[in-house]
Amino acid sequence: MSDDLSAALRDLAADHQTPPPGPGAEIRRRAVRRRRRRRTAVAGAALATAAVAVTVTAGLLSGPDDRPHRRPAPVATDGTRAPAATVDLSRHRMTVGDRTLPVSAGSARHPTPAGRMTVVALHREKRLPAGDFGLGGEYDLTLPWVVELRTPDGRTNYVVALTYDEKAPGERDITRGWLGLRTADARLLHDRLAPGDVIVVRTG
């Protein structure tokens, strides 16, 4: 092999050599950084696994939702919605499923309208004009567990908790056309109904 060829091969080999890794201190710093990255990745994976475990455990322990389930009333065979509740004004009673609730209705001067009434809204609390109670406009009342109804002729009516006279339901008609229940019964009705449900009011 000629001297020129040998020299060319040596130059080519020198050009493709891997550069030295650098001083020892730099190598140690790189190793420390790699270890830190590995620890961070492992810690992140552990946290993610723990979060999944907590979520699954919470789902298993929480159980079914125990809040009242508002189920729309079934549709009757004639295509209309079957009533979710019925009211017999002559007996001062409201029937809801297998429950019978005492009710106070409108007085002779302000009778409760009869017919199919549709639930349009449910209110945990609602401020209502006290003029409808015969108390004067300065005494508006805020009542709980209010069911807002639409009457057959398009007017608004309500089922309310008679918090101001709990003894009236089943005994006396004291409202100006509304249907009044005891507070506990009004809450039961509120929790069982949904917008679109029907309450049928009969005079006898």
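See above for the structure.
All of these numbers come straight from a predicted model, not from anything done at the bench. Here the residue index of a chain counts from 1 through its sequence in written order. Owing to the predicted nature of the model, reporting of local features is limited to residues with pLDDT of at least 70; listing and counting of side-chain atom pairs is limited to 80 or more, with chain, interface and lining totals taken over all residues. Side-chain numbers come from the whole structure's heavy atoms, not from hydrogens or water.

Caption draft 1: Summary view of the overall build of the protein chain. Starting at the N terminus, helices and strands are each numbered in turn, a helix being any DSSP run of H or I of at least four residues and a strand any DSSP run of E of at least two. On a plain count of helices and strands, the protein chain comes out with three helices and eight strands. The order of helices and strands in the protein chain, counted from the N terminus, is α-α-β-β-β-β-β-β-β-α-β. We call a residue buried when its accessible area falls under 20% of the maximum for its residue type, exposed when it is over 50%, and partly exposed in between, using a 1.4 Å probe and counting protein chains only. Within the protein chain, buried positions represent 30% of all 204 residues. Contact between two residues is taken to exist if any of their heavy atoms lie within 4.5 Å; hydrogens are not considered. Long-range pairs, those at least 24 residues apart, make up 59% of the contacts in the protein chain between residues at least 6 apart in sequence.

Caption draft 2: Just the environment of Ser-104, in detail. Mapped onto the fold, Ser-104 is located in the loop between strand 3 (99–102) and strand 4 (115–128). Residue class for Ser-104 comes out buried when judged on its relative accessible area of 0%. It is 8.4 Å that separates the C-alpha atoms of Ser-104 and Leu-89, two residues lying 15 residues apart in sequence. For Ser-104, the residues in contact, after removing those within four places along its chain, are Leu-162, Ala-168, Pro-169, Gly-170, Arg-172, Asp-173, Ile-174, Thr-175, Trp-178, Leu-179 and Gly-180.

Caption draft 3: Spatial organisation of the side chain of Thr-112. Secondary-structure assignment places Thr-112 in the loop between strand 3 and strand 4. In this structure the side chain of Thr-112 is engaged in a polar contact, spanning 2.8 Å, whose partner is the backbone nitrogen of Gly-106. Within the structure, Thr-112 has its side chain in polar contact with the backbone oxygen of Gly-177 (distance 3.0 Å). Dropping the residues within four chain positions of it, Thr-112 is found in contact with Leu-89, Ala-105, Gly-106, Met-117, Asn-157, Gly-177, Trp-178, Leu-179 and Val-201. Identification of polar contacts relies on pairs of N or O atoms within 3.5 Å, with a donor-acceptor requirement for protein atoms, meaning one able to donate a hydrogen and the other able to accept it, and with residues adjacent in sequence counted only if both atoms are side-chain atoms.

Caption draft 4: Inspection of unusual backbone geometry at higher detail. Even without glycine at this site, His-92 takes up a positive phi of about 55 degrees. Along the chain, His-92 turns up in the loop between strand 1 (85–88) and strand 2 (93–96). Phi angles above zero are rare outside glycine, and Trp-145 is one such case at about 55 degrees. Tracing the backbone through its elements, the reader meets Trp-145 in strand 5 (residues 141–150). Under the relative-accessibility criterion, Trp-145 is labelled buried at 10%.

Caption draft 5: Spotlight on the sheet that holds strand 4. Pairing between two strands is assigned when DSSP locates at least 2 bridges connecting them. Across the sheet, which stays open at both edges, the eight strands sit in the order 3-2-1-8-4-5-6-7 with mixed pairing between neighbours. Across the chains shown, the open sheet's two edge strands, defined by having one partner strand only, are strand 3 and strand 7 (179–181). Ignoring strand direction, the axes of neighbouring strands in this sheet form an average angle of 30 degrees. As judged from the four bridges shared by strand 2 and strand 3, these two strands associate in the antiparallel manner. Looking at the pairing, Met-94 lines up with Leu-101 of strand 3. Those strands touched by helix 3 (residues 183–192) are strand 1, strand 2, strand 3, strand 4, strand 5, strand 6 (156–161) and strand 7, and its axis lies near 45 degrees from that of strand 5. Convention adopted: a line fitted to C-alpha atoms gives each axis, helices being fitted over their contacting stretch, and angles between N-to-C directions are expressed from 0 to 180 degrees.

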